[in-house]
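# Architecture at a glance
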Amino acid sequence: MDKVPPPASGEVQTGKKGKRTAYLIAVRHKREAPRIYAVVAASAEAALAQLDGLTTDGLGIEVVGALYRDLIRRLGLKAGELRLV
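Residues numbered from 1 in each chain as written. Predicted model: local features only at pLDDT ≥ 70, side-chain atom pairs only at ≥ 80, totals over all residues. Heavy atoms only, no water.

### Some points on the pairing of strand 1 (residues 21-28)
- Where burial is concerned, most of strand 1 is hidden: 6 out of the 8 residues are buried.
- Where strand 1 and strand 2 (residues 35-41) come together, 7 bridges link them in antiparallel fashion. Considered in strand 2, the bridge of Tyr23 is made with Val39.
- Bridge count for strand 1 against strand 3 (residues 60-66) is 6 bridges, and the pairing is antiparallel. Bridge assignment links Ile25 to a residue of strand 3, and that residue is Val63. (Buried < 20%, exposed > 50% of the residue type's maximum accessible area, 1.4 Å probe, protein only. Helix = DSSP H or I, 4+ residues; strand = E, 2+ residues; numbered from the N terminus. Pairing = 2+ DSSP bridges.)

### So, the pattern of salt bridges
- Under the defined criterion, the tally for this structure stands at 4 salt bridges.
- As a salt-bridge pair, Arg35 and Glu32 come within 3.7 Å of each other at their nearest N and O atoms.
- On the accessibility criterion, Arg35 (37% relative accessible area) is partly exposed.
- One salt bridge in this structure joins Arg83 and Glu81, with 2.9 Å as the shortest N-O distance.
- Take Arg83: its relative accessible area is 28%, and that puts it in the partly exposed class.
- Here Glu81 falls in the partly exposed class, since its relative accessible area comes to 23%. (Salt bridge = Lys/Arg side-chain N within 4 Å of Asp/Glu carboxyl O.)

### Side note on the side chain of Ser43
- Among the secondary structure elements, Ser43 is positioned in the loop between strand 2 and helix 1 (44-52).
- Among the polar contacts made by the side chain of Ser43, one reaches the main-chain amide nitrogen of Ala46 at a distance of 3.2 Å. (Polar contact = N/O pair within 3.5 Å; in protein donor to acceptor, adjacent residues only side chain to side chain.)

### Brief notes about a nonpolar patch on the surface
- A grouping of Tyr68, Leu71, Leu75 and Val85 is seen on the molecular surface, where their side chains present a nonpolar patch of about 420 Å² in accessible area.
- Structurally, Leu75 can be placed in helix 2 (residues 69-75).
- You can call Leu75 partly exposed: its relative accessible area is 32%. (Patch = residues over 30% accessible without salt bridge, like charges linked within 9 Å, V, L, I, M, F, W, Y side chains within 5 Å. Areas by Shrake-Rupley, 256 points an atom, 1.4 Å probe, with all protein chains shown as cover.)

### Re the sheet that holds strand 3
- As summarised here, the arrangement of the 4 strands in space is 3-1-2-4, forming an open sheet in which the pairing is antiparallel. Strand pairing shows two members of the sheet lacking a second neighbour, strand 3 and strand 4 (82-84), which therefore form its edges. Each adjacent strand pair in this sheet contributes to an overall mean axis angle of 30°, direction not counted.
- Where strand 2 meets strand 4, 3 bridges bridge the pair, whose relative direction is antiparallel. By the bridge assignment, Ala38 is partnered in strand 4 with Arg83.
- Set on the sheet, helix 1 makes contact with strand 1, strand 2, strand 3 and strand 4; between it and strand 2 the angle comes to about 125°. (Axes fitted to C-alpha atoms, helices over the stretch in contact; angles between N-to-C directions. Contact = heavy atoms within 4.5 Å.)

As structure tokens, then:
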């Protein structure tokens, strides 16, 4: 039986369904309060990539946290979904 090599650093090991997390991402405007979005993705990099298309010059984005699995279910978030919280 062949052994599967461990994932490289930064990679997410996924099972049949694929492990996903709801990342909280802050979008900062120049003179406004930051907007916090919940993004369901396999990695923080994938979540940031989803918001890159929505940002323009003068905006900064960063991961500021994550949501618990129970809260993800209660909010009804699906894979690839983006929601302002």
